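Listed below, chain by chain, are the residues.
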Amino acid sequence: MEDITDGAWGQLVSVTDVDSPHFPLIENRFTVGRAKDCDISLTSNKLVSGRHCHIERDAEGRVWLCDTSTNGTLLNTSEKITKGNRKELTHGDEFFVVYKKDEEDINVGYMYQNLEELQKEMDATQDYSLELEMEATLVDDSVNIAEEDDCSKTSKRSAENTSTCEPLTKRLKTDDGEQGPSSVPAEDGKGKITLENKDDVGKSSIKEKEDQGKTTPEVKDGQKETTSEDKKDCCNKPGMAATSGSCVDGPDEIEEALICTICQELLHDCISLQPCMHSFCAGCYSDWMEKSNECPTCRMKVERINKNHIVNNLMEAYLKENPNKKRDEEDLKELDAKNKISRDMLYPGSKHRMDSSDSSESDSSDSGSPPPDHVPFQFNAPPPLLGFGTPVFGTVRPARTLCRQCPDYNEVTIPCTDLAATTTGTTGILGAIGQFERPGPSGEQPDPDVKVMPTAPDYRCKQNQTHVLCQCCLQPMPDRRPQYLADPTTIPPQQCALCYRAYCHAYWGCKKVDCMGCIGKFRDIRFGKKCLSAIILENQFESQVLKNYLEKKNLSVKYVLDQCLAKVDTGVFSFRDPTTIQINGGTPICYACALRKFKDLAYQYRFSIPRNDLPAEVTSRPDCHWGKNCRTQRHNINHAQRFNHICDQIRLT
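In short, a report on the structure. (Residues numbered from 1 in each chain as written. Predicted model: local features only at pLDDT ≥ 70, side-chain atom pairs only at ≥ 80, totals over all residues. Heavy atoms only, no water.)

### Digging into unusual backbone geometry
Part 1: Along the chain, Gln274 connects to Pro275 via a cis peptide bond; the corresponding omega equals 10°.
Part 2: Of note, Pro275 is situated in the loop between β14 (270-274) and β15 (279-281).
Part 3: In the Ramachandran plot, Leu474 falls in the positive-phi region, its phi being about 60° despite a non-glycine side chain.
Part 4: Mapped onto the fold, Leu474 is located in the loop between β17 (467-469) and β18 (476-478). (Helix = DSSP H or I, 4+ residues; strand = E, 2+ residues; numbered from the N terminus.)

### A look at the sheet that holds strand β16 (residues 304-307)
Part 1: Strand order across the open sheet formed by three strands is β15-β14-β16, with antiparallel pairing between neighbours. Either end of the sheet is taken by a strand with one partner, and the two such strands are β15 and β16. Each strand axis lies, on average, 35° off the axis of its neighbour in the sheet, ignoring direction.
Part 2: Where β14 and β16 come together, four bridges link them in antiparallel fashion. Each residue of the ladder has a partner; that of Gln274, found in β16, is Arg304.
Part 3: Contacts from helix α7 (residues 282-289) reach β14, β15 and β16 within the one sheet, and its direction differs from that of β15 by about 95°. (Pairing = 2+ DSSP bridges. Axes fitted to C-alpha atoms, helices over the stretch in contact; angles between N-to-C directions. Contact = heavy atoms within 4.5 Å.)

### Topic: a negative patch on the surface
Part 1: Among the surface-exposed residues, Asp102, Glu103, Glu104 and Asp105 lie close enough to one another that they form a single negatively charged patch.
Part 2: Mapped onto the elements, Asp102 comes out in the loop between β10 (94-98) and β11 (108-114).
Part 3: Overall, Asp102 belongs to the exposed group, its relative accessible area being 73%. (Patch = residues over 30% accessible without salt bridge, like charges linked within 9 Å, V, L, I, M, F, W, Y side chains within 5 Å. Areas by Shrake-Rupley, 256 points an atom, 1.4 Å probe, with all protein chains shown as cover. Salt bridge = Lys/Arg side-chain N within 4 Å of Asp/Glu carboxyl O. Lys, Arg positive; Asp, Glu negative; His and termini not counted. Charge placed at Lys NZ, Arg CZ, Asp CG, Glu CD. Buried < 20%, exposed > 50% of the residue type's maximum accessible area, 1.4 Å probe, protein only.)

### Some details on the nonpolar core
Part 1: Ranked by internal contacts, the top residues of the largest apolar core, which has 61 residues, are Phe522, Phe527 and Tyr605.
Part 2: Broken down by secondary-structure element, the contributors of at least two residues to this core are α13 (505-508), α14 (540-553), α15 (557-570), β20 (588-590) and α16 (591-607).
Part 3: For this core, the leading source of residues is α16, giving eight residues.
Part 4: Of all hydrophobic cores here, the second largest spans 23 residues; its members include Leu266, Ile305, Leu335 and Leu346. (Core = buried A, V, L, I, M, F, W, Y, C linked by side-chain atoms within 4.5 Å.)

See the structure below:
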């Protein structure tokens, strides 16, 4: 042992940093931690405690690993030692002070080695190596042999190479400890070369191989003898020594590449997995597929299964040249019976496409001609002109954008199916012009969920008019935003002042069915009673309290909005999120931004309601420590009912 271990009874070897030196254990207590006075100081690792753990040797010579950390210590990656507990260490045990399975770069682990046990292992290794150097003799059949013709030498070398390249999974041990299947060339008195086998290579049963391994080497019944003339013919054909079963019986490089890693046999009905592209037998992978959706080789998640036709064709050609390599018919039938990979798994979506094509064919055959109402869309391109951007240079001009105010626009009449928009008897009839009268405290004007269509300004688009898309109905409208900035009184707003998105309802009325007004002045936005379900802090209970109060007082949502905007103008109410512009009732704003700002005002309106006007079960609740900032109130209805959240936060930690 080295001098550094003199007087030491053990040592720690890092298993995560191979470049770090060994740490000798000299004292009976060895500490690992982040503190600077520890024997192993890990100052830069925040996952390690100040004194994470220590190794202690008692009076009897037993070694213990004691944990004093917050995160614990992992022993042999299988047992976690928590704070205040200890486990006995033996020679070769590994412990980790930091261990994360998917982040190996931050792991910190050590192996405990008892120097006495380590010395015994080193002595045993040295004795074994000396014994091999003195007694072992390298066996080589190519030494001290008589000269032969080139073909015989080639055949012998081929047989030896294939026997040594045999996969370990196919080699069997006999009772005497000798290797099972092997082929040894022998020459009889007639000048013919035969292959003496210890067992039948073509048998797949392990029991038969073990029984045959105990018998004396014999030539198989019906085995074809290869004459020297056949050897010459075999050697004259390129690649036959490696692939032909008549010259060599052992596995070759091609066979090893065609082995299924699950059954360790030649592939049958090969399938490949994506994206890793590993290949298996279809029957073998069907069994694995029921247990896991990961690749058996690389454990990558399987996204798709494909039939590997290239490997199947290669397999067919290989077995045609090597018929003795073919698997038993019983095994193939068993694999076919296990195969549960259907056509839908190999070709996802093919059935849907086939059904749709069949249905289209049947429809066309029944009708005989396309329906008269169906007219395919035709694009009439402008006449070609010589110049850049014309069809002469390989490009086509895009279709011209048309809006409702373009001269060439043809409006398509769509039957209205919106029941709310077709409601009669109120001033909110679809196409009506004007605004609702302001509802008073008596509640004469309810909150109808109907759409009010404004009158579009009298305007015709010019030849090179620029257009902008409405973010609600995705239909174009003339871009007149610069004119609105110059004189807001002549043109309706087309852009939200907060999010800067373009909307068309204030300009000429949005035709989207479920749109109740995508943009307008803040005071003119119609929220309706639908917004009251989660208007207060997204708390359903507090929102229901406000809704009940409005129904009791016969007040409308429009009245609440007007009262809140009036208090914003006087400075009593304010918005939670600061903005660069001052928001008031005349600010052009979209529905989404207006609803977000109205929620801020509705909370303050609910806060200003006198306690005498609220039920006793509402006012008798204690305040929540987190107040209006509580996140539990949004999803826990019991918590929202038990505590009052119309208050400020009183707890900071």
